[in-house]
Protein chains: 2
Amino acid sequence: MSRVAVIGAGAVGCYYGARLAEAGHEVHFLMRRDYDAVRASGLRIESVDGDVHLEHPLVARSSAEIGPVDWVLCALKATAIEEMRGLVAPCVGPSTRILLIMNGLGLEERVAEWFGAARVFGGLAFTCINRGAPGTVQHLDYGPVTIAHLEDDPDEIAAGMALWADAKVKTLAAPSLLAARWAKLAWNIPFNGLTVTAGGVTTDRVLGQPGLRAAAHAVMREVIATGNADLAAHGSAERLDSDAIVTDLIGRTDVMTAYRPSTMIDFVDGLPMEVEAMFGEPLRRAQAIGVDTPYLALITAQMRSLDALATERRGG
Amino acid sequence: MSRVAVIGAGAVGCYYGARLAEAGHEVHFLMRRDYDAVRASGLRIESVDGDVHLEHPLVARSSAEIGPVDWVLCALKATAIEEMRGLVAPCVGPSTRILLIMNGLGLEERVAEWFGAARVFGGLAFTCINRGAPGTVQHLDYGPVTIAHLEDDPDEIAAGMALWADAKVKTLAAPSLLAARWAKLAWNIPFNGLTVTAGGVTTDRVLGQPGLRAAAHAVMREVIATGNADLAAHGSAERLDSDAIVTDLIGRTDVMTAYRPSTMIDFVDGLPMEVEAMFGEPLRRAQAIGVDTPYLALITAQMRSLDALATERRGG
């Protein structure tokens, strides 16, 4: 059994942390807003894969209270990346591994600058998990978590898979973190981007309006083309199959009606959006490599403006 | 002196109608919302070119009260195009001419289907006119009105210019209505489109953010390319000079700080936006001719979604 620290105990962190606790791991949750509620009545997961109720989870108000662990499961918003170093450091010992279940490109590389690349993993969750009342998380739709390692080390990937062996979470091993990140961006960029810039709508509205549907296809192809150029630039032999991915992702999204991507929820709630990790960094790579991405460029510019407006409104 | 009917007595209609009345024409205003206010205290124009106060303007509640005139000055929103026929018809006699001071592409062609092309003119106003209190209009910034004729008939263009000879309105004769419409769209599409889709911002915010500024250039070039292809498709020898127009329009907009385009005002106020005339019809022509316009396509899809959301909110 492993000692695990969950940093960023929002809906995603609580869900996966609870699944690890359920499997017998010693899971410590760093809690801020929900600390008192969870101390009082535990952590409750309502899930399509079966409910969990942790009556007395291990909760801490600071990372120092937790100390070094075997695994840090980091599920912060990408907008909190600069805070992350300080939050994670007290939990990192010589053999600690760090798994980021976060959205966006380049985050693992950032964490590697602080703690070394060998211990850094990426987890890509294709799933729908929302916060409920304090101490409650709703897991609405299933999907496997893809486990990858920043150095694509097969032994480390196996160690990452082993953590989840007894947990009620489907996992897939990805041989290339970079390819896995781009494959996930191929969904996130069109659907998080268009649900926001179309005014704060659900995915079915994007796919139901011909112009937005065509834009979803177009920007998805731009993302895949950029991903393949980025893989080549990194010396990787991995390539994403554009036609197969487009057909798969559009098809899967067609059948999951009225989904609210995380960025769209942030937009509607006036919260910070994960713009730079999800849009800005992919666009910077496209421009650095010289891939023409008009849809990505426009959506990124619009997202930055919308995010700046929300920041002004929160401040005012 | 001419008998003139102003149909669509919003800020633009009131302003230009008042300038014609000031010049001695017999100007009838079709009024709905402001009828009582204008009957009680007249029509007041506050203008950088000199104020006007019409104490007892000729106001009517229906076009039938006005009857046939020499000139119909139509300044409805393009979203009211389907109502326009019924509003204009009672004012049309055998020799009536119709001047549309409206935004968008294809409106004159529509009016020609109802009343014949020979009598249809386009007026393109590069100006900033806002509604004030009922019966009051503020003219904040000057700019000439370009006068064009649907059949590009030089004698008719001269007749259109003659109407304004004694009015305090600068006019320019345009030899090609289609070229003039595209030249105006080259401003309206980037700035009305991007100020809305960037969240409801002023033009200085579009030009001050590098990504949006680049998008303004890109979509402007798409519009001009489509315009030139459309001119060729219509057998016109006119062409728009892309570099010159981009330099001119971006330069002019750089010095007019914090401008709120009409569509952006509609967006912020939750009112119908002129999406089809200003974006939809240009995009349809680009697609029919085969010009690749990713920026225009995405902005149009977003504008349609935002407009549909506003319609739902007004109804709900």
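Residues numbered from 1 in each chain as written. Chains lettered and ligands numbered in written order. Predicted model: local features only at pLDDT ≥ 70, side-chain atom pairs only at ≥ 80, totals over all residues. Heavy atoms only, no water.

**Focus on the interface of chain A and chain B**
In this assembly, 24 residues from chain A lie in contact with 24 residues from chain B. Summing both partners gives a buried area of about 1,800 Å² for chain A against chain B, and 58% of it is carried by carbon and sulfur. Counting the surface chain A buries against chain B, the share from its top three residues, Tyr 295, Leu 298 and Gln 302 of chain A, is 27%. Our enumeration of links across chain A and chain B arrives at 2 salt bridges. For Glu 312 of chain A, the salt bridge identified is with Arg 205 of chain B, shortest N-O distance 3.1 Å. Linking chain A with chain B are 7 residue pairs in polar contact (both at pLDDT 80 or more), by the criterion used here. Of all the secondary-structure elements, those providing two or more residues to the side of chain A that touches chain B are helix H7 (177-197), helix H9 (210-233) and helix H13 (294-315) of chain A. (Contact = heavy atoms within 4.5 Å. Buried area = accessible area lost by both parts, 1.4 Å probe. Salt bridge = Lys/Arg side-chain N within 4 Å of Asp/Glu carboxyl O. Polar contact = N/O pair within 3.5 Å; in protein donor to acceptor, adjacent residues only side chain to side chain. Helix = DSSP H or I, 4+ residues; strand = E, 2+ residues; numbered from the N terminus.)

**Description of the environment of Pro 272 of chain B**
Residue and element names in this part refer to chain B. Within the element layout of this structure, Pro 272 appears in the loop between helix H11 (262-269) and helix H12 (275-289). On the accessibility criterion, Pro 272 (28% relative accessible area) is partly exposed. Sequence separation between Pro 272 and Asp 243 is 29 residues; the distance between their C-alpha atoms is 33 Å. If we ignore the near neighbours within four places in the chain, the residues touching Pro 272 are Lys 77, Thr 79, Asp 266, Asp 307 and Arg 314. (Buried < 20%, exposed > 50% of the residue type's maximum accessible area, 1.4 Å probe, protein only.)

**Overview of helix H9 (residues 210-233) of chain B**
Taking 1.5 Å per residue, 24 residues should reach 34 Å; H9 of chain B reaches 35 Å between its end C-alpha atoms and fits that length. In the stretch just after H9 of chain B, Gly 235 of chain B is the one whose phi turns positive, near 75 degrees. (Expected span 1.5 Å × (residues − 1).)

**Structural notes on the relation of the copies chain A and chain B**
When chain A is brought onto chain B, the operation consists of a screw motion whose angular component is 179 degrees and whose axial shift is 0.0 Å, with 0.1 Å RMSD remaining. Such a turn and shift between the copies fits a two-fold axis. Both copies present the same face, since 100% of the interface residues in chain A are matched by interface residues at the equivalent positions in chain B. (Least-squares fit on C-alpha atoms with pLDDT ≥ 70 in both.)

**As for unusual backbone geometry**
Trans peptide bonds make up the majority, and among non-glycine residues the majority have a negative phi. Residues and elements named next belong to chain A. In this structure, Asp 152 is a non-glycine residue whose phi angle is positive, near 55 degrees. Looking at where Asp 152 falls in the secondary structure, it is placed in the loop between strand S11 (145-149) and helix H6 (154-163). Classification of Asp 152 as partly exposed rests on a relative accessible area of 30%.

**Let's talk about the sheet that holds S11 of chain A**
Note: strands within a sheet are paired through backbone hydrogen bonds, in either parallel or antiparallel orientation. All names here are of chain A. The strand order across the open sheet formed by 8 strands is S5-S2-S1-S6-S7-S8-S11-S12, and the pairing between neighbours is mixed. The two strands at the open ends of the sheet, each matched to only one other strand, are strand S5 (58-60) and strand S12 (171-173). Going from strand to strand, the sheet's axes swing by 25 degrees on average, the running direction of each strand aside. Direction of pairing for strand S8 (residues 120-125) relative to S11: antiparallel, over a ladder of 5 bridges. Looking at S11, one finds that Leu 124 is bridged to Thr 146. Those strands touched by H6 are strand S1 (3-7), strand S6 (71-74), strand S7 (97-100), S8, S11 and S12, and its axis lies near 145 degrees from that of S11. Where H7 meets the sheet, it contacts S7, S8 and S11, and its direction lies at approximately 30 degrees from that of S8. (Pairing = 2+ DSSP bridges. Axes fitted to C-alpha atoms, helices over the stretch in contact; angles between N-to-C directions.)

**Brief notes about the pairing of S8 of chain A**
Residues and elements named next belong to chain A. In terms of residue burial, S8 counts as a mostly covered element, since 6 of its 6 residues are buried. Where burial is concerned, the two faces of S8 agree: the one with Val 120, Gly 122 and Leu 124 and the one with Phe 121, Gly 123 and Ala 125 are both buried. Of the strand pairs in this sheet, S7 and S8 are connected by 3 bridges, and their pairing is parallel. In the sheet register, Ile 98 faces S8, and the bridge partner there is Val 120. Note that the unit made of S7, helix H5 (residues 107-115) and S8 has a crossover that is right-handed. (Right-handed = clockwise from strand over helix to strand, strands pointing away.)

**Considerations on the packing of aromatic side chains**
Between two aromatic rings, the relevant description is the distance of the centres plus the angle of the planes. All chains considered together, the criterion is met by 12 aromatic pairs over all chains. Seen in terms of ring centroids, Trp 114 of chain A and Phe 115 of chain A are 6.3 Å apart; in terms of plane orientation they differ by 80 degrees. Their pairing is edge-to-face. Phe 115 of chain A shares its class with Trp 114 of chain A; the two are buried. Here the aromatic cluster, defined as three or more aromatic residues joined through ring pairs, consists of Tyr 15, Tyr 16 and Trp 164 of chain A. Directly above the aromatic system of Tyr 35 of chain A lies the positively charged group of Arg 61 of chain A, at a separation of 3.8 Å from the ring centroid. The ring of Phe 126 of chain B carries the charged tip of Lys 184 of chain B above its face, separated from the ring centre by 5.6 Å. (Phe/Tyr/Trp six-rings, centres within 6.5 Å; stacked < 30°, edge-to-face > 60°. Lys NZ or Arg CZ within 6 Å of the ring centre and 35° of its normal.)

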